[in-house]
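# Examination of the molecular architecture
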Amino acid sequence: MQPDRPRFDHRICAEHGRIGDLRNVGAGLVLPDIHSEPCRTYALEGGKTFTAGVYTWRSSVWIDAATNIYIKGTLHDRFVFQMTGIFFVGAGAKVVLIGDGTGQGVPQVANIVWQVAQYVTVSTAAHVS
C-alpha cells in the first residue's frame, strides 16, 4: 500500500539549480542556505533532466507514477541530490541515466549521491539509480 501523497504547499517551491563544481566533492559537503521559504513537497515534472551538479531542496521530493526523470552526463560526471524531507518515487517511475552526446559514456551509479534527511519510498516497478 502506497502512503498518501503529502499535501502540496502552494507557495513557490522552486528547484535549486546547480551549486558549484563537483570535481572535488567529498564527505562533509556543506551547502549554503539558498532557499528563502521552505515548502513541504516538491513534485518533479516528468521529463526533467539534471546535468552534473549539486541539487538541494528544503522539502520532500515526489516523483509521480509512470514519470521519467533523466540524469544526463558523462562517465566521470558527479551528481548530488539533497532533500530535507522524504523522497518518494511513484509506481513505474524511472530515473534514467543518459549520455550527453559527447561519446564519453553515461553517468555511473557510483557518481550519484542521494542524500535524504528522512526516508525513501520506491514503489512497485519504479527504478532509481
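To be clear, the structure that these remarks concern was listed above.
Predicted model only: the values in this text are computed from it and were never measured. (Residues numbered from 1 in each chain as written. Predicted model: local features only at pLDDT ≥ 70, side-chain atom pairs only at ≥ 80, totals over all residues. Heavy atoms only, no water.)

## Focus: the pairing of strand β3 (residues 53-57)
With respect to burial, β3 is a largely interior element, five of its five residues being buried. Pairing geometry for β3 and strand β6 (residues 79-83), over five bridges, is parallel. Counterpart to valine 54 in the pairing with β6 is valine 80. (Buried < 20%, exposed > 50% of the residue type's maximum accessible area, 1.4 Å probe, protein only. Helix = DSSP H or I, 4+ residues; strand = E, 2+ residues; numbered from the N terminus. Pairing = 2+ DSSP bridges.)

## Examining the side chain of asparagine 111
Locating asparagine 111 in the fold gives a position in the loop between β8 (94-99) and β9 (112-116). Asparagine 111 has contacts with Leu75, His76, Asp77, Arg78 and Phe79, leaving out every residue within four places of it along the chain. (Contact = heavy atoms within 4.5 Å.)

## Considerations on the nonpolar core
The biggest cluster of nonpolar side chains holds 18 residues, and the ones touching the most others in it are Leu44, Phe50, Trp57, Ile63 and Phe81. Within the residue set of this core, elements represented by two or more residues are β1 (41-44), β3, β4 (60-63), β5 (68-73), β6 and β7 (87-89). Tallying contributions element by element places β6 first for this core, with three residues. Setting aside chain neighbours within four positions, we find leucine 44 in contact with Phe50, Trp57, Val61, Trp62, Ile63 and Ile69. (Core = buried A, V, L, I, M, F, W, Y, C linked by side-chain atoms within 4.5 Å.)

## Details of the sheet that holds β3
Strands sit in the order β3-β6-β9 across an open sheet of three strands; the sheet is parallel. Since the sheet does not close on itself, it has two edges, and those belong to β3 and β9, each with one partner. Averaged over all pairs of adjacent strands, the angle between strand axes in this sheet comes to 10°, irrespective of strand direction. Relative to β9, β6 runs parallel, the two being bridged by five bridges. Within the sheet, the bridge partner assigned to valine 80 lies in β9 and is valine 113. (Axes fitted to C-alpha atoms, helices over the stretch in contact; angles between N-to-C directions.)

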